[in-house]
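Residue strings, one per chain:
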Number of protein chains: 2
Amino acid sequence: MAATIRDVAQASGVHVSTVSRTFSAPHLVNPETRNRVLAVAEDLGYRPNRAARALTTGRTHNIGLIVADIANPFFPPLIKAAQAHARARDYHVFVADTDEDPQVEEELIQTLTKQVDGVLLCSPRLSNRAIERLHADVPFVVVNRRVKGMPTILMDVGHGARLAIEHMTGLGHRRIALVSGPSGSWTSGEMRAAATAMEGVDLVILGPNAPTEQGGLAVAADVIASGATGVLAYNDLVAIGLIEGLYERGVRVPDDVSVVGVDDIVSGRLNRPKLTTVAMPTAAAGRMAVDLLLQSVGDSATPTLATLETSLVVRESTGEVRQ
Amino acid sequence: MAATIRDVAQASGVHVSTVSRTFSAPHLVNPETRNRVLAVAEDLGYRPNRAARALTTGRTHNIGLIVADIANPFFPPLIKAAQAHARARDYHVFVADTDEDPQVEEELIQTLTKQVDGVLLCSPRLSNRAIERLHADVPFVVVNRRVKGMPTILMDVGHGARLAIEHMTGLGHRRIALVSGPSGSWTSGEMRAAATAMEGVDLVILGPNAPTEQGGLAVAADVIASGATGVLAYNDLVAIGLIEGLYERGVRVPDDVSVVGVDDIVSGRLNRPKLTTVAMPTAAAGRMAVDLLLQSVGDSATPTLATLETSLVVRESTGEVRQ
DNA sequence: TCACGGGCTGCAACCGGTTGCATGAAACAT
DNA sequence: ATGTTTCATGCAACCGGTTGCAGCCCGTGA
């Protein structure tokens, strides 16, 4: 079918090794020969077989990208950025969705191992122990999770939480509810730690909750009962569900209660009210994760830690406390 | 590093071919030997190298999935469904984003060719000619585009457009604007054809437009100038941008103008107004695309055509025409 | 007892590339 | 003229598997 290196060699009257070098080490071959080989290759539509090349070089030029849920709007910008960045470096990306299941995640990593140079783990659900064990087989970069001795990219959600709470206290709110996320979530823990450490805030912690609109809907009654006038939600989906739940109970946002989300997944337009939220640098995280991974593939011992800044985007779901 | 088939052979005292058969043709090896080999393999943590296997068998057990824009909310559910379905069949998925650029798309297909058993082309921007040419190298399944002699999955957006327009005429609207999409888009063409063929509708076609919120924003003035009271937008993003643009100019939805989107990407909650839209069976399309692809890899000549039904979801962005 | 056939395993070539080493020719220095 | 580099290329082993073919052992039927 497709032309192989031997076809090109035969057609251009040189040995296969010369053809090979023409593509992978051009400076080693005489310009004249090289041009002839290239012409023949072009003519035959030859393209080096990356999989075959990987067999000898040990470099596949592929990376794996594993996320909990592709359809969660938080991830696509990260996936897109990582993929684009990888392509610019001549890497292809396997994308896999674990459906929030640690077992699936582990199996995925194992079957992917031989086909990739490294794996990006985004908000993994696996235990740290499991991650460290699997790390023996393939380089990792972990996003949004702290794992000892592994290249890690964090988004400083603690800082974002502080900004959000300061924003609300600045508007006169004293009693603030933190609607936390799933119990295993690193992000949720960070938000909680940051909120707890703040002075002059009357904090109520509600949860754990599912990281979905349903989770937000379900916690609305508790929020009202808590007497809080300001709420920081685990993420935008929860915030949206919560606002909906509050409306259903006659509590209006931002008139009666202010709500801040996290992630900035809703493009901002067309919401009622437009959501004040902590924006996460997901695209930057995707790019940096790829960089870190490719770099750590080179020299094995690079347990870098990068922390990316978050910022508060003030829109319409927060307002001054009612007197 | 990792154990190879030869390590297992040596450790269990058999020839590599026996180990190979233990994994790829178990019935050919004596149960006793097989168990011994399996035990040793387990012990050494051996896993067959899929890339190496692919070299001889010609089957990589990978597929490529190419979309115009991962971050466009239309695609993630399709990607997720396709990936899950593929994994269940022991296939991995390369996901690639072309950034709406035909050239990138072509290059991507070419570099992916040798590493996959087939490629899913979702809403490709490439010309039919180019697709047919590339098809010589690798099996395709095309989603949301009609290409002669190729397995194809279509979502019946023409039907959806008719439903949307009937819905609006039923509410008393006579003059309807069709805000079309990019010029190369099959979907846009289908919508246009369906709309043009309808009787008793005073149709205005506006566009082409970018398939984004910006595209919708930019076309708002034209919509107002057209005098239409009902609008069918190329997709939800355009609809959202358009509604925003109309508001900015003092035109209210649905009071002054009714707007219908396509795709049903906004979860429905928390929009002002909640968008009436044509829902697309994206997850089903993803699954079916994988099935078709794996099937067409087996026997080469299967130019199946599957058409999936769309439906109208009526929410709040459409209302009776004002007297 | 022997021919035959089936079950199991080993041998070796092969998939499409890469790469260390050897070889030969040309260019340079002495 | 000779010895030493340098440059370009060929040779062959190798990466980690698969697979057609041959050979061995054993049981069966004649």
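Residues numbered from 1 in each chain as written. Chains lettered and ligands numbered in written order. Predicted model: local features only at pLDDT ≥ 70, side-chain atom pairs only at ≥ 80, totals over all residues.

Q: So what's going on with the overall build of chain A? Residues and values would help.
A: What chain A contains, in helices and strands, is 12 helices and 12 strands. Taken against the 2.2 N^0.38 rule, which gives 20 Å for 323 residues, the C-alpha radius of gyration of chain A at 25 Å runs more than 25% over that of a compact globule. Overall size of chain A, expressed as C-alpha extent along the three principal axes, is 90 × 40 × 30 Å. Long-range pairs, those at least 24 residues apart, make up 70% of the contacts in chain A between residues at least 6 apart in sequence. (Helix = DSSP H or I, 4+ residues; strand = E, 2+ residues; numbered from the N terminus. Rg over C-alpha atoms; globule rule 2.2 N^0.38 Å. Contact = placed C-beta atoms within 7 Å.)

Q: So what's going on with unusual backbone geometry? Which residues, and what values?
A: The phi angle of most residues is negative, glycine excepted, and most peptide bonds adopt the trans form. In this chain, G207(A) is followed by P208(A) through a cis amide linkage whose omega measures 5°. Secondary-structure assignment places P208(A) in the loop between β7 (202-206) and α10 (213-226). Although it is not a glycine, E100(B) adopts a positive phi angle of roughly 65°. Here E100(B) shows up in the loop between β2 (92-97) and α6 (102-112). Exposure remark for E100(B): the 18 C-beta atoms within 10 Å place this residue in the partly exposed category. (Buried ≥ 20, exposed ≤ 12 C-beta atoms within 10 Å, placed from the backbone.)

Q: Hey, could you go over the protein's contact with DNA strand C for me, with residue numbers and the actual values?
A: The environment of DNA strand C is made up of 25 residues, and the closest members are I5(A), S17(A), S20(A), H15(B) and T33(B). At the level of secondary structure, the elements contributing two or more residues to the surface near DNA strand C comprise α2 (16-24) and α4 (50-57) of chain A together with α2 (16-24) and α4 (50-57) of chain B. Ranked by residues supplied to the surface near DNA strand C, first place goes to α2(A) with 6 residues. (Near = placed C-beta within 6 Å.)

Q: How would you summarise the protein's contact with DNA strand D if you had to cite specific residues and measurements?
A: If you check the shell around DNA strand D, you find 25 residues, and the closest are H15(A), T33(A), I5(B), S17(B) and S20(B). Those elements that place two or more of their residues in the surface near DNA strand D are α2 and α4 of chain A together with α2 and α4 of chain B. For the surface near DNA strand D, the element with the highest residue contribution is α2(B), accounting for 6 residues. Of the residues in the surface near DNA strand D, the class split is 10 nonpolar, 13 polar and 2 charged. (Nonpolar A, V, L, I, M, F, W, Y, C, P; charged D, E, K, R; others polar.)

Q: I'd like a description of the nonpolar core, backed by residues and values.
A: Among the nonpolar cores identified, the biggest contains 166 residues, and L120(A), L242(A), L120(B) and L242(B) are the most heavily contacted of them. Beyond its immediate sequence surroundings of up to four residues, L242(A) is in contact with V179(A), G216(A), V219(A), A220(A), V223(A), V231(A), A233(A) and V259(A). (Core = buried A, V, L, I, M, F, W, Y, C linked by C-beta atoms within 7 Å.)

Q: Can you break down the UniProt feature "domain: HTH lacI-type" (unreviewed entry) in chain A residue by residue, with the values?
A: Taking the numbering used here, the UniProt-annotated feature "domain: HTH lacI-type" (unreviewed entry) corresponds to residues 3-57 of chain A. A helix fraction of 71% and a strand fraction of 0% characterise residues 3-57 of chain A, whose end C-alpha atoms lie 21 Å from each other. (UniProt positions renumbered as here; feature names shortened; annotations may be inferred.)

Q: With reference to specific residues and values, describe the relation of the copies chain A and chain B.
A: Relative to chain B, chain A is turned by 180° and slid 0.4 Å along the rotation axis, the superposed coordinates differing by an RMSD of 0.6 Å. A rotation of that kind, with that shift, is consistent with a two-fold axis. Interface overlap between copies: 100% of the residues of chain A at the interface are likewise at the interface in chain B, consistent with a symmetric, same-surface contact. (Least-squares fit on C-alpha atoms with pLDDT ≥ 70 in both.)

Q: Summarise the interface of chain A and chain B; cite the residues concerned and give the values.
A: Contacts between the two partners involve 39 residues from chain A and, on the opposite side, 39 residues from chain B. Among the secondary structure elements, those contributing two or more residues to the side of chain A that touches chain B are α4, α5 (75-88), β2 (92-97), α6 (102-112) and α11 (236-248) of chain A. Taken together, the residues that form the side of chain A that touches chain B break down as 20 nonpolar, 8 polar and 11 charged.

Q: Pulling in residues and values, what's your account of the sheet that holds strand β10 (residues 276-279) of chain B?
A: Residue and element names in this part refer to chain B. The strand order across the open sheet built from 6 strands is β7-β6-β8-β9-β10-β12, with neighbouring strands paired in mixed fashion. Looking at which strands have only one partner, the edges of the open sheet turn out to be β7 (202-206) and β12 (311-313). Taking the axes of each pair of neighbouring strands and ignoring which way they run, one obtains an average angle of 20° across the sheet. Relative to strand β9 (residues 258-263), strand β8 (residues 230-233) runs parallel, the two being bridged by 3 bridges. By the bridge assignment for β9, L232 is matched with V260. In this fold helix α11 (residues 236-248) packs onto β6 (175-179), β8, β9 and β10, with an angle of close to 155° to the strand it touches most, β9. (Pairing = 2+ DSSP bridges. Axes fitted to C-alpha atoms, helices over the stretch in contact; angles between N-to-C directions.)

Q: How would you summarise the sheet that holds β7(A) if you had to cite specific residues and measurements?
A: All names here are of chain A. Within the open sheet, the 6 strands sit side by side as β7-β6-β8-β9-β10-β12. Their pairing is mixed. Bordering the open sheet on either side are β7 and β12 (311-313), each of which pairs with just one other strand. Each adjacent strand pair in this sheet contributes to an overall mean axis angle of 20°, direction not counted. Of the pairings in the sheet, the one linking strand β10 (residues 276-279) to β12 comprises 3 bridges and is antiparallel in character. Bridge pairing links A279 to S311 in β12.

Q: I'd like to hear about the pairing of strand β9 (residues 258-263) of chain A, residue by residue, with values.
A: Residue and element names in this part refer to chain A. Of all the 6 residues making up β9, 6 are buried; the element is thus mostly covered by neighbouring parts of the structure. One crossover worth recording links strand β8 (residues 230-233) to the parallel β9 by way of α11, and it is right-handed. With 4 bridges joining them, β9 and β10 adopt parallel strand pairing. Note that in β10 the partner of V260 across the bridge is T276. (Right-handed = clockwise from strand over helix to strand, strands pointing away.)

Q: Can you lay out the packing of helix α1 (residues 5-12) of chain A against α2(A) for me, pointing to particular residues and giving the numbers?
A: Any two packed helices are characterised by how steeply their axes cross, that is the angle between the axes, and by the distance between the axes. All names here are of chain A. Interhelical geometry of α1 versus α2 gives an angle of 110° and a closest axis separation of 8 Å. Relative to α2, α1 is oriented roughly perpendicular. Listed contacts from α2 to I5, R6, V8 and A9 of α1 are V16, V19 and S20. (Parallel < 35°, antiparallel > 145°, perpendicular 65-115°, else oblique.)

Q: Let's hear about the pairing of β7(B): which residues, and what values?
A: Residues and elements named next belong to chain B. The pairing of β6 with β7 spans 5 bridges and is parallel. Directly across from I176, in β7, lies its bridge partner L203. Handedness of the crossover joining β6 and β7 through helix α9 (residues 186-196) is recorded here as right-handed.

Q: So what's going on with the environment of L305(A)? Residues and values would help.
A: If you trace the backbone, L305(A) turns up in strand β11 (residues 305-308). Residues L305(A) and A177(A), spaced 128 residues apart in sequence, show a C-alpha to C-alpha distance of 31 Å.

Q: Tell me about α9(B), residues and numbers included.
A: Those residues of α9(B) that sit buried are T187(B), S188(B), E190(B), M191(B), R192(B), A194(B) and A195(B). Tucked inside the fold, the buried residues of α9(B) contact α8 (157-170), β6, β7 and β8 of chain B.

Q: So, the packing of α4(A) against α4(B): which residues are in play, and what are the values?
A: At a closest axis distance of 9 Å, the pairing of α4(A) and α4(B) adopts a crossing angle of 130°. Taken together, the axes of α4(A) and α4(B) are oblique relative to one another. Crossing of α4(A) over α4(B) shows left-handed handedness. Within the contact between the two elements, α4(A) uses A51(A), A52(A), A54(A) and L55(A) and α4(B) uses A51(B), A52(B), A54(B) and L55(B). Considered class by class, the residues forming the contact of α4(A) with α4(B) number 8 nonpolar, no polar and no charged. (Left-handed = near helix turned anticlockwise from the far one by under 90°.)

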